Amino acid sequence: MSWKNRGTESTSRHSVSRKLTIFLCVGCFFAGMLFTDRMWAVPEAKDISQTTGVANDKLKLDSDNWDRKVDARGQAKDVLGEVSKTHHAIQTLDKTISNLEMELAAARAVQDSLVGGSPVSQNLKMPELAKKRKYLMVVGINTAFSSRKRRDSVRATWMLQGDKRKKLEEEKGIIIRFVIGHSTTSGGILDRAIEAEDKKHGDFLRLEHVEGYLELSAKTKTFFITAVTLWDADFYVKVDDDVHVNIATLGGTLARHRLKPRVYIGCMKSGPVLAQKGVRYHEPEYWKFGEQGNKYFRHATGQIYAISKDLATYISINQHILHKYANEDVSLGSWFIGLDVEHIDDRRLCCGTTDCEWKAQAGNMCVASFDWSCSGICNSADRIKEVHRRCGEGEDSLWAADF
């Protein structure tokens, strides 16, 4: 081959090589563009989609959490409401069961007495007592043969008379009676005087009991036994005839505890056990309370106190085995030791005659007022009208009261 031919062939190969190079460069450029588009555009869209998805999930989670919080708050309120209703229902059921148990025990006691040939009170045999109406409270005013002036002063102040007293029983469910037994000489002049007074006023509850100062514990027990037999009430109240009482305030106070079983209400105290003979409130059985100088257990002061029906029924059922101490308020307190009883200390049941007035003016009406120094209103037959004028709630309050 000549040199010329060789040059021509060399030139041709060089031309093809350039064309191929250019083609490869262009191809690489487009391939690079295509590869770059896939590397950057697609992942970028995916990242945006993932970020948006995470944000949406977070918003949804926050929204769900907020909804849960709102639901939780609403559920908490509903739960508290249901708990309150349940507690109220349990209290009502507990009291109903307690009353039924006491009534059943009382019926068994009567049956046992009949079977055993023991004497049974005529009150328990009265057929009309089988269906008794319900009362709020029975108030027994402890009185003595010599206390005619005190009784008249009470009638002139806080104890309604005649048709008003009957209206009080029918409309408000409140029974009020003077409580007294018999003299040692049955049918004597003292008994005849009470019978004449009762014929005039019709406001006595006569007990199968012989009167005497040292027999107050027995009288108190007999009162509760007789009252719970005659009247089906939520509460039974004992008050002395030298104490001023606001009946509407007393009713409102007791009504607040109506659903509670086994309630004992009064001004609770724990006085010293007096071992020395000859002193007032001497305790002959002081040795039962431990070392000399010890105090009594908590119990309500004797001027006024109230117990619920189941406690009065308990006293009636167990009357023969309840021990009587010299002081009736101590005796009552001792009967409830060991029982599941709620002691309610309400100081409005023991206001002084000097502070009941400003308490009434301040809107904190007292339930009962007396002088501690006299264990009642000093010279009550003459002073109770003044106390009533200053500390009384007024008759309109009684008729307007809703128990």
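Residues numbered from 1 in each chain as written. Predicted model: local features only at pLDDT ≥ 70, side-chain atom pairs only at ≥ 80, totals over all residues. Heavy atoms only, no water.

Draft legend 1. Helix α7 (residues 247-255), seen in detail. Most of α7 is tucked away: 8 of the 9 residues are buried. Among the residues of α7, those classed as buried are Ile-247, Ala-248, Thr-249, Leu-250, Gly-251, Thr-253, Leu-254 and Ala-255. (Buried < 20%, exposed > 50% of the residue type's maximum accessible area, 1.4 Å probe, protein only. Helix = DSSP H or I, 4+ residues; strand = E, 2+ residues; numbered from the N terminus.)

Draft legend 2. Region of the structure containing the pattern of salt bridges. Scanning the entire structure with this criterion turns up 29 salt bridges. Put simply, Asp-240 and Lys-238 hold a salt bridge, and the shortest N to O gap is 2.8 Å. The class for Asp-240 is buried, based on a relative accessible area of 14%. Taking the relative accessible area as the measure of exposure, Lys-238 reaches 5% and is therefore buried. (Salt bridge = Lys/Arg side-chain N within 4 Å of Asp/Glu carboxyl O.)

Draft legend 3. The arrangement of the state of the cysteines in detail. Within this structure, the stated rule accounts for 4 disulfides. The side chain of Cys-267 participates in a disulfide bridge whose partner is Cys-350; the two sulfur atoms lie 2.1 Å from each other. The sign of the S-S torsion, about -100°, decides the handedness of the disulfide formed by Cys-267 and Cys-350: left-handed. Within this pair, whereas Cys-267 is found in strand β6 (residues 263-269), its partner Cys-350 is found in the loop between β8 (342-345) and α10 (356-361), the two being separated by 83 residues in sequence. (Disulfide = S-S within 2.5 Å.)

Draft legend 4. Up close: the packing of helix α6 (residues 216-230) against helix α9 (residues 328-335). In the contact formed by α6 and α9, the axes pass within 8 Å of each other and the chain directions differ by 55°. Between α6 and α9, the interaxial angle falls into the category oblique. The interaxial crossing formed by α6 with α9 has right-handed handedness. Note on element contacts: α9 touches α6 through Glu-328, Ser-331, Leu-332 and Trp-335, opposite Leu-216, Ser-217, Thr-220, Lys-221 and Phe-224. (Axes fitted to C-alpha atoms, helices over the stretch in contact; angles between N-to-C directions. Parallel < 35°, antiparallel > 145°, perpendicular 65-115°, else oblique. Left-handed = near helix turned anticlockwise from the far one by under 90°. Contact = heavy atoms within 4.5 Å.)

Draft legend 5. Structural view of the environment of Ile-337. Inspection of the secondary structure assignment puts Ile-337 in the loop between α9 and β8. You can call Ile-337 exposed: its relative accessible area is 53%. Counting along the chain gives 39 residues from Ile-337 to Arg-298, while the straight-line C-alpha distance between them is 9.5 Å.

Draft legend 6. Inspection of helix α3 (residues 148-155) at higher detail. Taken as a whole, α3 has its buried residues at Arg-151, Ser-153, Val-154 and Arg-155. Elements in contact with the buried residues of α3: β1 (134-142), β2 (174-182), α5 (189-201), β3 (204-210) and α11 (380-391).

Draft legend 7. A look at unusual backbone geometry. In this model, Arg-262 sits at a positive phi of 55°, which is unusual for a non-glycine residue. Positionally, Arg-262 belongs in the loop between α7 and β6. One non-glycine residue with positive phi stands out, namely Tyr-281, at about 65°. On the secondary structure map, Tyr-281 appears in the loop between β6 and β7 (299-308).

Draft legend 8. The environment of Thr-185, seen in detail. Of note, Thr-185 is situated in the loop between β2 and α5. Spatially, the C-alpha atom of Thr-185 lies 9.1 Å from that of Val-210, the residues being 25 residues apart in sequence.

Draft legend 9. The sheet that holds β1, seen in detail. Pairing is mixed across the open sheet formed by 7 strands, whose spatial order is β3-β2-β1-β4-β7-β6-β8. Strands at the two margins of the open sheet, each flanked by one partner only, are β3 and β8. Averaged over all pairs of adjacent strands, the angle between strand axes in this sheet comes to 25°, irrespective of strand direction. Where helix α8 (residues 309-317) meets the sheet, it contacts β1, β4 (232-240), β6 and β7, and its direction lies at approximately 100° from that of β7. Across the sheet, α9 lies against β4, β6 and β7, angled at about 35° from β7, the strand it touches most. (Pairing = 2+ DSSP bridges.)

Draft legend 10. Layout of the packing of aromatic side chains. Within the structure shown, the criterion is met by 8 aromatic pairs. Measuring from ring centre to ring centre gives 5.1 Å for Tyr-264 and Phe-336, while their planes differ by 70°; the resulting arrangement is edge-to-face. One end of the pair, Tyr-264, is in strand β6; the other, Phe-336, is in the loop between α9 and β8, and 72 residues separate them in sequence. With respect to class, Tyr-264 is no different from Phe-336; both count as buried. Judged by centre distance (5.1 Å) and plane angle (65°), the ring pair of Phe-370 and Trp-372 falls under edge-to-face. Through pairs of rings, three or more aromatic residues link up here, namely Phe-289, Tyr-296, Phe-297 and Tyr-325. (Phe/Tyr/Trp six-rings, centres within 6.5 Å; stacked < 30°, edge-to-face > 60°.)

Draft legend 11. Broad picture of the confidence of the model for the protein chain. Counting all residues, the mean pLDDT for the protein chain is 82, and 67% of those residues have values of 70 or more. Considering only residues more than four positions removed or in separate chains, one finds that residues 1-16, a stretch of pLDDT under 50, has 2 contacts. For the stretch residues 113-130, pLDDT sits under 50, and the model shows 12 contacts to residues farther than four places along the chain or on other chains. (pLDDT = per-residue confidence, 0-100.)

Draft legend 12. Fine view of the nonpolar core. Counting residues in hydrophobic clusters, the biggest one holds 47 residues, and the most contacted among them are Met-137, Trp-158 and Ile-176. If you list the elements that add at least two residues to this core, you get β1, β2, β4, α7, β6, β7 and α11. When residues of this core are assigned to their parent elements, the largest contribution, 5 residues, is made by α7. Other than its neighbours up to four places away in sequence, Trp-158 contacts Ile-141, Ile-176, Val-239, Val-243, His-244, Val-245, Ile-247, Ile-384 and His-388. Counting residues in hydrophobic clusters, the runner-up holds 29 residues, among them Val-138, Met-268, Leu-311 and Phe-336. (Core = buried A, V, L, I, M, F, W, Y, C linked by side-chain atoms within 4.5 Å.)

Draft legend 13. Broad picture of the environment of Leu-339. Mapping Leu-339 onto the fold places it in the loop between α9 and β8. Judged by relative accessible area, which is 31%, Leu-339 ranks as partly exposed. As a C-alpha pair, Leu-339 and Leu-311 span 28 residues in sequence and 9.6 Å in three-dimensional space.

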